[in-house]
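Commentary on secondary and tertiary structure
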There are 2 protein chains.
Amino acid sequence: MTTGESFTPVADIGEFGLIERVQQRLTAGTSTDLLTGIGDDAAVYRVADGKVHIVTTDALIEGVHFDRTFVPMRHLGFKALAVNVSDIVAMNGTPRFATIALGLPHNISVEMAEAFYDGLDEAATLYGVTIIGGDMTASQRLVISVTVIGEAPEERVVRRSGARPGDLICVSGDLGSSFAGLKVLLDQKKRMEREGDAFKPALDDFPYVIRRHLRPAARLDLVRGWEQAGVRPNALIDISDGLASELHHLCKQSGTGALVHAATIPIDLETRHVADQVGEDVDTFALFGGEDYELLFALSEDDLERLPSDSFTVIGHFTPPDEGIQLKTPEGGTIPLDAQGYAHFGG
Amino acid sequence: MTTGESFTPVADIGEFGLIERVQQRLTAGTSTDLLTGIGDDAAVYRVADGKVHIVTTDALIEGVHFDRTFVPMRHLGFKALAVNVSDIVAMNGTPRFATIALGLPHNISVEMAEAFYDGLDEAATLYGVTIIGGDMTASQRLVISVTVIGEAPEERVVRRSGARPGDLICVSGDLGSSFAGLKVLLDQKKRMEREGDAFKPALDDFPYVIRRHLRPAARLDLVRGWEQAGVRPNALIDISDGLASELHHLCKQSGTGALVHAATIPIDLETRHVADQVGEDVDTFALFGGEDYELLFALSEDDLERLPSDSFTVIGHFTPPDEGIQLKTPEGGTIPLDAQGYAHFGG
């Protein structure tokens, strides 16, 4: 029962292209309670006077987002919730509730499902989330789809669109470490396949980057710190697809340019060691490596002194839109910073 | 990196057994705003004084829940939203917002994704839902996970647990037709595989049951009718896994028995024709066939006259728990009605 329709591969237009295309098919009227729909880290709708809820959904699919060979189920459960909490955090919200849809293949045991839920529970406890429902079904591969509902006072919500020229570009934590961890794990897997039964995992040299990849943290602590300090960033996004890609989103939606000083990008020493070992440029890890789940935000210069300086790093500033998105290299030159991040589609 | 853990196949304990097991792993504190968690059709939490939100998640996985050979993408989009709306309806709520997570294999084109969204949009328009976000990613098989958020005044919510002995057992629409539609489609598929290029689909003999399977409707009209009539059922569930299975849920959670008169179960003539053609008992379709998405509810006898009689059928009454769940056959005998419904796991 095929049709004579044309067949455009999704890879031809990419994930973002496809999202734009299908969005145009949605003609149903929009609720007046909806404040932010598709196109930010999460959707925002009003539930009472001055109070909004924030909702996000992310799916993790075996063989696409993770490799069960080296991802323990407990870490996977933690990560599945944490990456969704990160999207609530990226709107300056507090997570409240979560639902979990699981597709379980035959080679997942009851004990493995329990370990997954132990990890979920660990993240739920850490981030104050109540798991309120879900769905479980058979599947060919392990499929995890999590929805998190958060809340915020309406005036505290921060979108991608509020950066202004002159605002400081800030990031939390360090960048590129999750990608470095993935590199180490992939290298170990290759060795395991080559060496067979003689293989002994050697993961102790890089504990930090491996943990960053397997069990990333959502930076809810920053949201709490901003509230305590009475500070509200002007624009905010979480770094799931790499700094360069997320900065492009902020600039596009805010209508600004940006200048980033490469030398100021926070990179952990262990990340540098991994880059050295595999003979790659560590700046590539930091700019284009995904899944750090740190926060990228625009801060008014006046707010700088109101925040503890150890909670983030200033890596540049937003500029007028005609100046583009530029990277100042350690050598002093300035080059355009492409968005090219980590993409699951097409490659 | 395997472990020495024991391996209990999920099929050994079944879907409901697994849900019970993993629920015990959730130790994180529960929000005081949560009114109903895991174990009903949807979760309920308070968002403002006297106002609750209702949330549900359901995943549809290719090869488990549907066969792309005979399910048009547009119908699939409609169904993915409708079955989730049905869970909101099953709490006596009104759907408001939805998020969609899609895992797309390489053999899904942009045009097919658009057709899927056209179907989603059709259901969104019909049920008054705004699609506010989602996630799209690559996948080996087509994976669809939908979350719907609905709302209700707190005192209108109906749970599975409120049936009392003496209440009438009521169902909307007719039962077994979706299963009959599936039978027709599976039969056509078998012929297609046998006849190859010579195959011509013959779907015109059974248009109603095929549509019931491919494009089921959520019975939001009943929720609206009850509100207009000032009636609130005592217990409510949607029939996704078959009448017998859902009745067992209602009785277990309400602490009642039930007596169903087989002869009163509403069955469409086309469903009877399909059962005749395949030489099976049509009562089996109605009792154990899944995916009708009609409503099963407990009604106080006093409320019977306040509702239009063409909107539902009385098929029996709830009894004291020690009388068990019984089926009165057309011949006048009474037999225990097993829960054995449609299950994706193991059986």
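Being a predicted model, the structure only gives us computed values, none of them experimental.

1. A look at the overall build of chain A
Regarding its fold elements, chain A presents nine helices and 13 strands. Its C-alpha atoms give chain A a radius of gyration of 21 Å, near enough to 20 Å, the size a compact globule of 347 residues would have. Taking the principal axes of the C-alpha coordinates as reference, chain A spans close to 60 × 55 × 50 Å. Buried positions account for 57% of the 347 residues belonging to chain A. Accessible surface computed for chain A: about 13,900 Å², of which carbon and sulfur atoms make up 48%.

2. As for the sheet that holds strand S5 (residues 130-138) of chain B
Residues and elements named next belong to chain B. Strand order in the open sheet formed by six strands is S1-S2-S3-S6-S4-S5, and the pairing between neighbours is mixed. Every other strand in the sheet has two partners, leaving strand S1 (34-36) and S5 as the edge strands with one partner each. Taken pair by pair, the neighbouring strands of this sheet meet at an average axis angle of 25°, ignoring direction. The pairing of strand S4 (residues 94-104) with strand S6 (residues 143-153) spans nine bridges and is classified as antiparallel. Looking at the pairing, Ile100 lines up with Val146 of S6. In the packing of helix H2 (residues 73-89) onto the sheet, the strands contacted are strand S3 (51-61), S4 and S6, and the crossing angle to S6 comes to about 35°.

3. Concerning the layout of surface pockets
Of the pockets and cavities examined, the second largest pocket occupies roughly 1,100 Å³. Looking at the second largest pocket, it is lined by 46 residues, and the ones nearest its centre are Gly134 of chain A together with Glu15, Phe16, Ile19 and Arg160 of chain B. Secondary structure elements with two or more residues in the lining of the second largest pocket: strand S4 (94-104) and strand S5 (130-138) of chain A together with helix H1 (10-23), S3, H2 and helix H7 (243-254) of chain B. Ranked by residue count, the leading element in the lining of the second largest pocket is S5 of chain A, at seven residues. Tallied by class, the residues present in the lining of the second largest pocket amount to 19 nonpolar, 14 polar and 13 charged.

4. Digging into the pairing of strand S6 (residues 143-153) of chain A
Residues and elements named next belong to chain A. With respect to burial, S6 is a largely interior element, nine of its eleven residues being buried. By the bridge criterion, eleven bridges tie strand S3 (residues 51-61) to S6 in an arrangement that is antiparallel. Within S6, the position partnered with Lys51 by the bridge is Pro153.

5. Section: the packing of aromatic side chains
Residue and element names in this part refer to chain A. On inspection of all chains with the given rule, the structure shows twelve aromatic pairs over all chains. Relative to Phe285, the ring of Phe179 lies with its centre 5.0 Å away and its plane at 80°, an arrangement referred to as edge-to-face. Of this pair, Phe179 sits in helix H4 (residues 177-195) while Phe285 sits in helix H9 (residues 282-288), placing them 106 residues apart in sequence. One aromatic cluster in this structure is built from Trp226, Phe297 and Phe312. When the ring centre of Phe78 is taken as reference, the NZ or CZ atom of Arg215 above it lies at 3.8 Å.

6. A few points about the interface of chain B and chain A
Taken residue by residue, the interface counts 81 residues in chain B and 81 residues in chain A. Taken over both partners, the interface formed by chain B and chain A buries close to 7,000 Å², and the fraction arising from carbon and sulfur atoms is 62%. The interface formed by chain B and chain A holds eight salt bridges in total. The shortest N-O distance in the salt bridge between Arg25 of chain B and Asp118 of chain A comes to 2.9 Å. Along the contact surface separating chain B from chain A lie 34 residue pairs in polar contact (both at pLDDT 80 or more).

7. Some thoughts on unusual backbone geometry
Residues other than glycine predominantly adopt negative phi, and peptide bonds predominantly adopt the trans conformation. Unusually for a residue other than glycine, Asn92 of chain A sits at a positive phi of about 65°. Positive phi, normally seen in glycine, also occurs at Tyr293 of chain B, with a value near 55°. On the basis of relative accessible area, Tyr293 of chain B is assigned to the buried category, the value being 9%.

8. A word on the environment of Gln326 of chain B
All names here are of chain B. The topology assignment puts Gln326 in strand S12 (residues 325-328). When the C-alpha positions of Gln326 and Ala262 are compared, they lie 9.9 Å apart, and in sequence the two are 64 residues distant. Here the side chain of Gln326 touches Glu323 through a polar contact of 3.2 Å, landing on its backbone oxygen.

9. Section: the side chain of Ser109 of chain A
Residue and element names in this part refer to chain A. Along the chain, Ser109 turns up in the loop between S4 and helix H3 (110-127). Judged by its relative accessible area of 1%, Ser109 is buried. A distance of 3.0 Å separates the side chain of Ser109 from the backbone nitrogen of Met112, its partner in a polar contact.

10. Quick notes on the relation of the copies chain B and chain A
Overlaying chain B on chain A yields an RMSD of 0.0 Å, the required transformation being a rotation through 180° with an accompanying axial translation of 0.0 Å. Both chain copies can therefore be described as sitting about a two-fold axis.

11. Some details on the confidence of the model for chain A
All names here are of chain A. Looking at chain A as a whole, the pLDDT averages 93, with 97% of positions reaching at least 70. Across residues 341-347, where pLDDT falls below 50, the model places 16 contacts with residues more than four positions away in sequence or in other chains. Scored as a whole, the predicted complex attains pTM 0.93, and scored at its interfaces, ipTM 0.92.

12. Comments concerning helix H1 (residues 10-23) of chain A
An α-helical segment advances 3.6 residues per turn. Residues three or four places apart therefore align on the same side. The first and last C-alpha atoms of H1 of chain A sit only 15 Å apart over 14 residues, clearly below the 20 Å expected at 1.5 Å per residue. Along H1 of chain A, the sharpest change in direction is near 80° and occurs at Phe16 of chain A. If you follow the buried residues of H1 of chain A, they end up packed against S4, helix H3 (110-127) and S5 of chain B.

13. Here's the deal with the sheet that holds S3 of chain A
Remark on secondary structure: sheet strands pair via backbone hydrogen bonds, oriented parallel or antiparallel. All names here are of chain A. Taken in spatial order, the six strands make up an open sheet running S1-S2-S3-S6-S4-S5, and their pairing is mixed. Pairing within the sheet leaves two strands with one partner each, and these edge strands are strand S1 (34-36) and S5. Each strand of the sheet is rotated relative to its neighbour by a mean of 25°, with strand direction disregarded.

Calculation rules
- Residues numbered from 1 in each chain as written.
- Chains lettered and ligands numbered in written order.
- Predicted model: local features only at pLDDT ≥ 70, side-chain atom pairs only at ≥ 80, totals over all residues.
- Heavy atoms only, no water.
- Helix = DSSP H or I, 4+ residues; strand = E, 2+ residues; numbered from the N terminus.
- Rg over C-alpha atoms; globule rule 2.2 N^0.38 Å.
- Buried < 20%, exposed > 50% of the residue type's maximum accessible area, 1.4 Å probe, protein only.
- Areas by Shrake-Rupley, 256 points an atom, 1.4 Å probe, with all protein chains shown as cover.
- Pairing = 2+ DSSP bridges.
- Axes fitted to C-alpha atoms, helices over the stretch in contact; angles between N-to-C directions.
- Contact = heavy atoms within 4.5 Å.
- 1 Å grid on protein atoms, 1.4 Å probe; cavity = no way out; pocket = protein on both sides within 12 Å on 5 of 7 lines; lining within 4 Å.
- Points joined across faces, edges and corners; volume = space filled by probe spheres on them.
- Nonpolar A, V, L, I, M, F, W, Y, C, P; charged D, E, K, R; others polar.
- Phe/Tyr/Trp six-rings, centres within 6.5 Å; stacked < 30°, edge-to-face > 60°.
- Lys NZ or Arg CZ within 6 Å of the ring centre and 35° of its normal.
- Buried area = accessible area lost by both parts, 1.4 Å probe.
- Salt bridge = Lys/Arg side-chain N within 4 Å of Asp/Glu carboxyl O.
- Polar contact = N/O pair within 3.5 Å; in protein donor to acceptor, adjacent residues only side chain to side chain.
- Least-squares fit on C-alpha atoms with pLDDT ≥ 70 in both.
- pLDDT = per-residue confidence, 0-100.
- Expected span 1.5 Å × (residues − 1).
- Bend = angle between axes of the 7 residues up to and from the residue.

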